[in-house]
Amino acid sequence: MDRLSRYSEILDTAAREAKATPQITPVDAAFTVAEAYQVQKLSVDRRLSRGEQRIGVKMGLTSRAKMLQVGVEEVAWGRLTDAMLVEEGSGLSRARYVHPRVEPEIAFLMKAPLAGKVTPAAALAAVEAIAPAMEIIDSRYENFKFALEDVIADNTSSSGLVLGSWHDPRIDFSNLGVILEIDGDVVQVGSTAAILGHPLRSLVAAARLVAEAGERINAGDIVMAGGITAAPNLAPGQTVRTTIQDLGAVMFQVEA
Ligand code: OOG
Ligand code: MG
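Of the protein atoms, only Glu103 (OE), Glu105 (OE) and Glu135 (OE) coordinate the magnesium ion (ligand 2), at distances of 2.0 Å. Donor residues for the magnesium ion (ligand 2) sit on one chain with the sequence pattern E-x1-E-x29-E. Per residue, the accessibility class of Glu103 equals that of Glu105, and both read buried.

Pasting the structure below:
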């Protein structure tokens, strides 16, 4: 097995067994971003070969708060599958994750394909609807520590997403207030403007980055725009809720 396939197997196994694995970059200084995206594809292909379906893509590290939290200052993308969907209002099992965190996000539902260099207007025209959302991220690396190449190889920590109700995308969603509550306490506040100044810029970047990998965003895809605030840790017993101005709330519970 070649080196990249071996990394993909290690990361896929770490995700399936919810057991942390050492970072790649400290022992493989030659590991590049391009190789990391190949590892990501190989590891997601393993999931698809087990029957999971591709449902879209996610953008990561699109806000200052997120970049500062993990010390990586580069936007990255990852692949979403149906196995990551967590039903809104339901409970998720803490035991299935290594050290999960939650991020308030905004999700796009696409009605037309998008790829390459596109304008914000063209990106918006391809959007069917927007929803308040949360992403559950779970780095497969020990202590949630990684360099850019590591986190890309690890599918940018993707492990779950929760979607709220869909809204007409023609509303102005450039600067909507965002509140993240755990057990009724407000733990993070922010604005959708934290996402690259406007969430649409994240979709524009997604179209470009996905095309660089020879792929595209398809009609019917979900695109997660990226965390708006720093991501708090999840623990059993918590009720987690994100409310976005004009878009409503989305919630889940953490079970053992
Ligand atoms: C990397 C993934 C970041 C986001 O929305 O910024 C991400 C991580 O923090 O583990 O999903
Ligand atoms: Mg995210």
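The discussion continues.
Attention shifts here to the sheet that holds strand E6 (residues 158-163). Overall, mixed pairing links the six strands, which are arranged E2-E1-E9-E4-E5-E6 in an open sheet. Looking at the sheet topology across the chains shown, the edges are occupied by strand E2 (76-81) and E6. Across this sheet, the average inter-strand angle for adjacent strands is 30 degrees, counted without regard to direction. Pairing of strand E1 (residues 54-60) with strand E9 (residues 222-224), which is carried by three bridges, proceeds in the parallel orientation.

Attention shifts here to the side chain of Glu181. Looking at where Glu181 falls in the secondary structure, it is placed in strand E7 (residues 177-182). Buried charge Glu181 goes without a salt bridge, the closest partner of opposite sign being Arg241 at 4.4 Å. Apart from the residues lying within four places of it in its own chain, the contact partners of Glu181 are Val186, Val187, Thr239, Val240, Arg241 and Thr243.

With that out of the way, let us pick up the site of ligand 1. Around ligand 1 sit 17 residues in total, of which Lys58, Leu61, Lys66, Ser157 and Gly227 are the nearest. At 2.6 Å from an oxygen atom of ligand 1 is found a side-chain nitrogen or oxygen belonging to Lys58. A distance of 2.6 Å separates an oxygen atom of ligand 1 from a polar side-chain atom of Ser157. Counting atoms within 2 Å of the grid points, the majority share of ligand 1 lands in the largest cavity.

In terms of nonpolar packing, the biggest core is built from 52 residues, with Phe108, Met110, Leu114, Leu203 and Ile217 touching the most fellow members. Excluding anything up to four places from it in sequence, Leu203 contacts Phe108, Met110, Leu114, Ala123, Val127, Ile217 and Val223. Ranked by size, the runner-up nonpolar core spans 14 residues in total, among them Leu92, Tyr97, Leu180 and Ile182.

Criteria and thresholds
Residues numbered from 1 in each chain as written. Chains lettered and ligands numbered in written order. Predicted model: local features only at pLDDT ≥ 70, side-chain atom pairs only at ≥ 80, totals over all residues. Heavy atoms only, no water. Donors = N, O, S within 2.8 Å, 3.2 Å for Na, K, Ca; no water. Buried < 20%, exposed > 50% of the residue type's maximum accessible area, 1.4 Å probe, protein only. Pairing = 2+ DSSP bridges. Helix = DSSP H or I, 4+ residues; strand = E, 2+ residues; numbered from the N terminus. Axes fitted to C-alpha atoms, helices over the stretch in contact; angles between N-to-C directions. Lys, Arg positive; Asp, Glu negative; His and termini not counted. Salt bridge = Lys/Arg side-chain N within 4 Å of Asp/Glu carboxyl O. Contact = heavy atoms within 4.5 Å. Near = heavy atom within 4 Å. Polar contact = N/O pair within 3.5 Å; in protein donor to acceptor, adjacent residues only side chain to side chain. 1 Å grid on protein atoms, 1.4 Å probe; cavity = no way out; pocket = protein on both sides within 12 Å on 5 of 7 lines; lining within 4 Å. Sits in = over half its atoms within 2 Å of the grid points. Core = buried A, V, L, I, M, F, W, Y, C linked by side-chain atoms within 4.5 Å.

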